[in-house]
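# Descriptive analysis of the structure
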Amino acid sequence: MQYNNKPSQLYKHLSKKNKNASIMMSSVNATVATKKLDDGKTLIAVAFKGTDSSNINDDLSDMYKAVDKNGFHKGFMFNAKQFDKKADKIEFTIDSKKITLSQILDEMKKDDCPYKMLVTGHSLGAAVADIYSGYILKGEGINDNNIVTVTYGTPKSCSKDFKYSANNIINIINTDDMVPTIGAESHLGTCLYFTPSENFRKTNYKEHYVTPNAYNSYSDLIKTAESGLVAHNLVFSYTPLVKELEKEHSKYFIEE
């Protein structure tokens, strides 16, 4: 496996913020990082990259709705499997020792292990994150207590018949975002829906926002579609919900 050795803006930012974070850019489809936690355990963070408008293959994967025999979106599953295949080639230095992601995952099958994993992603990356943690790792015997997945703006990744019993996958969705309405048939995990206020919409969507269903002209319809894409790319719009979750998360849980 090859890594991009050119420092990215993300690398520079996180390195300044936290000198204890170790970050690598994977050439497959994810960023992986480690960080020591206060309890002595090591956090393994995996962030799957979102749709790249310059890469047509990403866009085709987003729109490809066919599901496989297990009920998963074929495009998202393909990306998740591609990353999983590289687990034995992704290497970390933890406590002065070399260890691969594959070896870490073996440890995470135990009830008590020195690692915790956070899997995340936005858009395409969110759907891949859901499948990777909720189906692939679960199928490999990873203990649910050792992994948590939080995604943003995820499209639908599985069939409506697939049920996932664990509650460690949380999908945070802006109700103005059109992307979570496409993909397969259903979301994997628990969805938390955030509805922005009119003031928030006017402030952040600006000329792209019109009141939903106010289709007085063709241009209004186009603007509504544009606002759905604007909302999808306004990742910071999830910050208010995250703060609310700390106070009263139960009111945001939605059963699909």
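Residues numbered from 1 in each chain as written. Predicted model: local features only at pLDDT ≥ 70, side-chain atom pairs only at ≥ 80, totals over all residues. Heavy atoms only, no water.

### Observations concerning the confidence of the model for the protein
- Averaged over every residue, the pLDDT of the protein is 75; residues scoring 70 or more account for 66%.
- By mean pLDDT, helix α1 (residues 9-17) is the weakest element of the protein at 36, and helix α4 (residues 101-107) is the strongest at 96.
- Low pLDDT (under 50) marks residues 1-27, which in the prediction has 36 contacts with non-local residues, meaning those over four places away or in another chain. (pLDDT = per-residue confidence, 0-100. Helix = DSSP H or I, 4+ residues; strand = E, 2+ residues; numbered from the N terminus. Contact = heavy atoms within 4.5 Å.)

### Details of the nonpolar core
- Among the nonpolar cores identified, the biggest contains 37 residues, and L101, M117 and Y132 are the most heavily contacted of them.
- Per element, the largest residue contribution to this core is 8 residues, and it comes from helix α5 (residues 124-139).
- Ignoring any residue separated from it by four or fewer positions in sequence, one finds Y132 in contact with F48, A80, F83, D84, L101, L105, V119 and L137.
- Y205, V230, A231 and L234 belong to the second largest nonpolar core, which has 5 residues in total. (Core = buried A, V, L, I, M, F, W, Y, C linked by side-chain atoms within 4.5 Å. Buried < 20%, exposed > 50% of the residue type's maximum accessible area, 1.4 Å probe, protein only.)

### Observations concerning α5
- With 16 residues, α5 should cover 22 Å at 1.5 Å per step; its first-to-last C-alpha distance of 22 Å lies within 8% of that length.
- At Y132, α5 shows its strongest bend, of approximately 30°.
- Of all 16 residues in α5, 13 are buried; the element is thus mostly enclosed.
- Backbone geometry just after α5 places G141 at a positive phi near 90°. (Expected span 1.5 Å × (residues − 1). Bend = angle between axes of the 7 residues up to and from the residue.)

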